[in-house]
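The chain contents come next:
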Amino acid sequence: MGLVQLAPRLGVVEENLERHLEALAEARSRRVELAVFPELGLTGYLLQDLNADVAMRLDDRRLQRLADATRDLSAVVSFVEESEDHQLYISAALLEDGELRHVHRKVFLPNYGLFDERRFFAAGTLMRSTPSRLGVRLGICVCEDFWHMPTPLLLALDGAQILVNVSSSPGRDLASINESGLGTADSWRGINRTYAQLTTSFVIFVNRVGVDESITFWGGSEVVAPDGTTVFQAPLHAEGVFVAELDLAALRRERIAMPLLRDERPEVVLRQLERIVRRRAGEHEAGGEPRDESDDEAEAVP
Amino acid sequence: MSAPARPRADLPYELPAELQIDTDVARTITAGFIRSQLEQAGFERAVLGLSGGIDSALVAHLVAEAIGAERLLCVLMPYRTSSAESRSHAEEVAGRLEAPSRLVDISPIVDGYFDSGSAPEGEPRAEALRRGNFMARARMEVLYDHSVTWRGLVVGTSNKTETLIGYTTLWGDSASAFNPIGDLYKSQVRQLAEAMGVPDAILRKQPSADLWPGQTDEAEVGSSYAELDRLLYWMVDRRRTEDELVEMGFERAFVDRVVKLVATSEFKRQMPPVAKLGPRTAGVDYLYPRRRPGSTRR
């Protein structure tokens, strides 16, 4: 597979589209089967009020041009999607064999620190895996989605064997105690490794490089195997198409040796989540403990 | 690989452990930032005021590393009371980098205003400060004029410490097209300057705004930069409350004084507010990136 660590030009869709087509051609010539581009690779990240100017409907001819370049390969690309009812989403699409096969709309939009995404974008509501021409299901998500634990869990339970996170992660915290020199990079690496291991899936993380206004994106895209070992790590801050090998047999071995997904208890999670959501909504505060919990206790008595 | 965070005893300056940065990563990021700012604005060259102090010396090195010294114009702008040492240090930096430089004596500009009867009568005590601020703004004017003839953007040289405590002249030294070191504390400026080979004499000397003879930053601010930087780091970057800072060992009076300096200079770090009248107001609800399609002035 190919990790396309590029530096989009802010707001210049046509130029970024050309860069995508060039990278796809390079990926094809290097026998890449899955090419992954970073979050908002077609538009740049810090758009603010440019969000509507660069938005694309899913039938946009520019997306179709990209799709046309995916005969016999898969690509994950990201852009601002305008829905039929004119909501703007940060989306990542799976393009395969000339078609747009799946779209993920970023569910978790950060609005703290240097982030202001909820001002400019609508939040997606779906977390689904998707089949791919690679023969395994992909779990596509965008940047901040990975800073929320339900994301890897839901995607893996929904059948994903490869989690694909596309990011525009701004580098910060230069303290020299950090392994890579950047606090952000250390945090991401920890997350990627943990999720790969806990979901026994491959994690493909593709982060952009370049500069939007004040912020510099650090790259460092990587592939982590289902046992948590790092398969490939792209350099920090360098632009390029980086090719890594995914051994799907390793995934099968890991899932048989560590059947963590088999032993997940989604029904328990669901029941507990329903209870917690009700409690957090204040439904049980007056009436004490809900009845179903005392039922559980009664059941436990032999 | 990065060094472990412990105080280093081998330095010509004090570097608190928590402020140590990975200088390689800092160089990579600032170089990319400088190139990108110029490219996005459609410029290939840069200009800065070289004072002989460590901040502008570091920025000169960073710009030279990013785009080549031949594309950086260093402007030396002494006033008649500026120290001769400052000037020779500035000349040394430009000379070692082999960057083009120009000397502009700002004395006639400043004296022309203050000594011609144009300046209003003020309290004698405030005179030195007024002249100092005027000098900083005169230098800004000279730089922006050179920006036109040199066809280069003005690079800022204010560090994070002085920006946070407001030890800057509004529209003077704080004015620039972009600033590569504005998020580095003075201690970190020193660390990066050392890594980039800024002359030792500049690293070792007492920082000074050089607005009047014998002035030093640390005497004016009333603390060492190392201590001030540590306090600001824990207060601003690590969000410690005043009580927590005192518990960490900072003097209560020192904390109070710095909190006040930061609060009273908030206005210097922001664009002036515009009265909201229309449907869409610049800086309020008209929010565009500075550099957007069509913004290149080429």
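Residues numbered from 1 in each chain as written. Chains lettered and ligands numbered in written order. Predicted model: local features only at pLDDT ≥ 70, side-chain atom pairs only at ≥ 80, totals over all residues.

Student: Help me out: how do you make sense of the overall build of chain B in this one?
Tutor: The number of helices and strands found in chain B is 12 helices and 4 strands. Relative to its length of 298 residues, chain B is compact, with a C-alpha radius of gyration of 20 Å against a globular reference of 19 Å. Sorting the 298 residues of chain B into buried and exposed places 39% on the buried side. In chain B, the proportion of contacts linking residues at least 24 apart, taken out of those at least 6 apart, comes to 72%. (Helix = DSSP H or I, 4+ residues; strand = E, 2+ residues; numbered from the N terminus. Rg over C-alpha atoms; globule rule 2.2 N^0.38 Å. Buried ≥ 20, exposed ≤ 12 C-beta atoms within 10 Å, placed from the backbone. Contact = placed C-beta atoms within 7 Å.)

Student: It is not clear to me how the nonpolar core should be interpreted in this structure. Could you clarify?
Tutor: If you look at soluble globular proteins, the nonpolar side chains tend to sit buried side by side. Membership of the largest hydrophobic core comes to 150 residues, with the highest contact counts inside it found for Ala35 and Val36 of chain A together with Ala60 and Val63 of chain B. When residues in this core are grouped by element, the largest group, 10 residues, is from helix H2 (residues 54-67) of chain B. Look past the residues within four positions of alanine 60 of chain B in its chain and what remains in contact with it is Leu48, Leu50, Leu72, Cys74, Val93, Leu97 and Ala99 of chain B. (Core = buried A, V, L, I, M, F, W, Y, C linked by C-beta atoms within 7 Å.)

Student: Sorry if this is basic, but what is going on with unusual backbone geometry here?
Tutor: Even without a glycine there, the phi angle at aspartate 72 of chain A is positive, about 65°. As for its placement among the helices and strands, aspartate 72 of chain A is situated in the loop between helix H3 (61-68) and strand S3 (74-82). Of note, arginine 239 of chain B is a non-glycine position whose phi angle comes to about 55°, a positive value. Of the residues examined, arginine 239 of chain B has 8 C-beta atoms within 10 Å and is grouped as exposed.

Student: Explanation requested: the pairing of strand S5 (residues 99-105) of chain A in the structure shown.
Tutor: Consecutive side chains of a regular strand alternate in pointing toward one face of the sheet and then the other. Residue and element names in this part refer to chain A. Where strand S4 (residues 88-96) lies against S5, 6 bridges are found, and the strand directions are antiparallel. Opposite leucine 95, over in S5, you have leucine 100 as the bridge partner. Taken together, S4 and the strand that follows it, S5, pair antiparallel across an intervening segment of 2 residues, in which aspartate 97 is found at a positive phi of about 45°. (Pairing = 2+ DSSP bridges.)

Student: Looking at this structure, how should I read the confidence of the model for chain A?
Tutor: A low pLDDT score tells you not to read the predicted coordinates there in detail. With 94% of its residues at a pLDDT of at least 70, chain A reaches an overall mean of 93. Contacts for the low-pLDDT stretch residues 293-302 of chain A, under 50 throughout, to residues beyond four places or in other chains number 1 contact. (pLDDT = per-residue confidence, 0-100.)

Student: Would you mind showing me how to read the sheet that holds strand S6 (residues 137-142) of chain A here?
Tutor: Strand pairing in a sheet is mediated by backbone hydrogen bonds. Such pairs are either parallel or antiparallel. All names here are of chain A. Strand order in this open sheet of 5 strands is S6-S7-S8-S11-S12, and the pairing throughout is mixed. Pairing within the sheet leaves two strands with one partner each, and these edge strands are S6 and strand S12 (230-233). Here the strands of the sheet are splayed against their neighbours by 15° on average, with no regard to which way each runs. Of the pairings in the sheet, the one linking strand S8 (residues 202-207) to strand S11 (residues 222-224) comprises 3 bridges and is antiparallel in character. (Axes fitted to C-alpha atoms, helices over the stretch in contact; angles between N-to-C directions.)

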